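Coordinate analysis (summary)
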Amino acid sequence: MKKIKCASFFAGVGGIDKGFENTGIFETIYANELDPYPAETFELNFSLKVDCRDIRNVCSDEIPDFDVLLAGFPCQAFSVAGYRQGFDDEKGRGILFFELIRIIKAKKPEIVFLENVKNLVGHDNGNTFRVIINKLKKENYFIKFSVLNAMEYGNIPQNRERIYIVAFKDKEMYHKFNFPMPVELTTKLSDIIDFNSKIDQKYYYTHGKYKGEIYEKLIEAMDDDKAIYQWRRKYVRKNKNGVVPTLTANQGEGGHNVCIIKTKNGIRKMTPHECFNAQGFPKSFKLPLNMSDTRLYKQAGNSVCVSVINRIAEEIKKAYIN
């Protein structure tokens, strides 16, 4: 069957693209990502050159024609972990949604797929979300949306809730589409984290390595080698639901969101690739060897749960071809 063409915006490392391409029917033919570092990771895993211009400088007629628009548009302006400024975000991240509308108006894709933080729904008493939905309706789209958790819908042991918006030009296709049902979580932490092998020493906590007697506090608090812990600035928190807590962009920087595990070789941070594993990326997913861990942690935290995306994409595929 002829491939369905996708254009990807705020593409990051290509998590949404990977989820769609895994269906075997969708193919990303254009990707836009301002940050050159995730763009480099994207290009390492896809046979596509990323357009690294600011989306505000991309003319719609410079974009090849496509059937599906994919976008995990910037969420920091709406995130509970940020300042929740929304469209008034002082860095201009909130208003970038309107650049997508500009492109949608010009290119008129059959399907629009958007991903963002759960907090988008309630931001500004629901006004932000209402604007987004109304803008899509004004372009004659029929819309369905749902908040899904990776551990309930992606068979991935990460507590990650995100909102997914799917908009269709065709009303019949809209009626045929349904979001996937929950699935049993059978993927174990040991499937995505290597608790047994000795790895690079830089990931381990040792006496005197960090200020504030962090190592001693970790030793005292970490009594479970099957749990994920976090250093929360001044104390250690155990994630009690047996999964990885929501990965964030500052994961791994030594800040309060770093994920820590207890192994037979010592107490250590999750590696960047383990964080990608926790996002449902395949273990074959390539990471640039010359890139700092800090940048890779940020890319993993900013990305999406590939397996959740894939399950939604499979439902879109059914609606499209039936």
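Remember, predicted model here, so these are calculated numbers, not experimental data. (Residues numbered from 1 in each chain as written. Predicted model: local features only at pLDDT ≥ 70, side-chain atom pairs only at ≥ 80, totals over all residues. Heavy atoms only, no water.)

Looking at the overall build of the chain
Within the chain one finds 11 helices and 10 strands. Taking 20 Å as the expected radius of gyration for a compact globule of 322 residues, we find that the chain reaches 20 Å, a close match to that expectation. Summarising its shape, the C-alpha atoms of the chain cover approximately 60 × 40 × 35 Å along the three principal directions. Across the 322 residues of the chain, 54% fall into the buried class. Considering only intrachain contacts with a sequence separation of at least 6, the fraction spanning at least 24 residues in the chain is 69%. Total accessible area computed for the chain in this model is approximately 15,000 Å², and 48% of it derives from carbon and sulfur atoms. Across the chain, the mean location of the 49 positive side-chain charges is 2 Å away from that of the 40 negative side-chain charges. (Helix = DSSP H or I, 4+ residues; strand = E, 2+ residues; numbered from the N terminus. Rg over C-alpha atoms; globule rule 2.2 N^0.38 Å. Buried < 20%, exposed > 50% of the residue type's maximum accessible area, 1.4 Å probe, protein only. Contact = heavy atoms within 4.5 Å. Areas by Shrake-Rupley, 256 points an atom, 1.4 Å probe, with all protein chains shown as cover. Lys, Arg positive; Asp, Glu negative; His and termini not counted. Charge placed at Lys NZ, Arg CZ, Asp CG, Glu CD.)

Some words on unusual backbone geometry
Although it is not a glycine, Asn140 sits at a positive phi angle of roughly 70°. Turning to its location among the elements, Asn140 is positioned in the loop between α4 (127–138) and β5 (142–149). For Asn155, which is not glycine, the phi dihedral falls at a positive 50°. In this structure, Asn155 sits in the loop between α5 (150–153) and β6 (161–168).

Side note on the packing of helix α3 (residues 97–107) against α4
Relative orientation of the contacting elements α3 and α4 amounts to 5°, with a least axis distance of 11 Å. By the angle class used here, α3 and α4 are roughly parallel. The residues of α4 that touch α3, namely those facing Phe97, Phe98, Ile101 and Ile104, are Val131, Ile132, Lys135 and Leu136. Tallied by class, the residues present in the contact of α3 with α4 amount to seven nonpolar, no polar and one charged. (Axes fitted to C-alpha atoms, helices over the stretch in contact; angles between N-to-C directions. Parallel < 35°, antiparallel > 145°, perpendicular 65-115°, else oblique. Nonpolar A, V, L, I, M, F, W, Y, C, P; charged D, E, K, R; others polar.)

Quick word on the pattern of salt bridges
For the structure shown, the criterion picks out 15 salt bridges. With a shortest N-O distance of 3.8 Å, Lys188 and Asp191 are connected by a salt bridge. Residues participating in the shared-partner salt-bridge network are Asp51, Arg53 and Glu62. (Salt bridge = Lys/Arg side-chain N within 4 Å of Asp/Glu carboxyl O.)

Digging into the pairing of strand β8 (residues 235–239)
As defined by bridge partners, strand β7 (residues 228–232) adjoins β8 across five bridges and the pair is classed as antiparallel. Within the sheet, the bridge partner assigned to Gln230 lies in β8 and is Arg237. Taking the residues between adjacent antiparallel strands as the criterion, β7 and β8 are bridged by two residues, where Arg233 takes a positive phi near 65°. (Pairing = 2+ DSSP bridges.)

Focus: the pairing of strand β3 (residues 68–71)
Consecutive side chains of a regular strand alternate in pointing toward one face of the sheet and then the other. Here β3 shows no split at all, with Val68 and Leu70 on one side and Leu69 and Ala71 on the other all buried. Direction of pairing for β3 relative to strand β4 (residues 111–117): parallel, over a ladder of four bridges. Bridge pairing in β4 links Leu70 to Phe113.

Brief notes about helix α2 (residues 36–45)
All of the buried residues in α2 are Pro38, Ala39, Thr41, Phe42 and Asn45. Considered in projection along α2, the buried side chains sweep an arc of 160° and stay on one side of the axis. Looking at the buried positions of α2, the neighbouring elements they touch are α1 (15–21), β2 (26–32) and α10 (293–302). If you check the start of α2, you find a side-chain oxygen 3.0 Å away from the backbone N of Tyr37, and it comes from Asp35. (Arc of directions from axis to C-beta. Polar contact = N/O pair within 3.5 Å; in protein donor to acceptor, adjacent residues only side chain to side chain.)

Details of the confidence of the model for the chain
As a general rule, the predicted coordinates of low-pLDDT regions are not to be interpreted in detail. Across the chain, the average pLDDT comes to 90, with 92% of residues at or above 70. Here residues 76–87 scores under 50 on pLDDT; set against residues more than four positions off or in separate chains, the count is 36 contacts. Taken together, the stretch residues 89–93 has pLDDT below 50 and engages in five contacts with residues farther than four places along the chain or on a different chain. (pLDDT = per-residue confidence, 0-100.)

Examining the sheet that holds β2
One open sheet accounts for six strands, arranged β2-β1-β3-β4-β6-β5; its pairing is mixed. Here the strands that pair on one side only, and so sit at the sheet edges, are β2 and β5. Neighbour-to-neighbour, the strand axes of the sheet open up by a mean angle of 20°, direction not taken into account. Here β5 pairs with β6 via eight bridges, running antiparallel. Across the sheet, the residue bridging to Leu148 is Arg162, located in β6. Taken strand by strand, α3 contacts β1 (4–9), β3 and β4, and its axis lies near 170° from that of β3. Together, β4, β5 and β6 form the strand contacts of α4, whose direction differs from that of β6 by roughly 20°.

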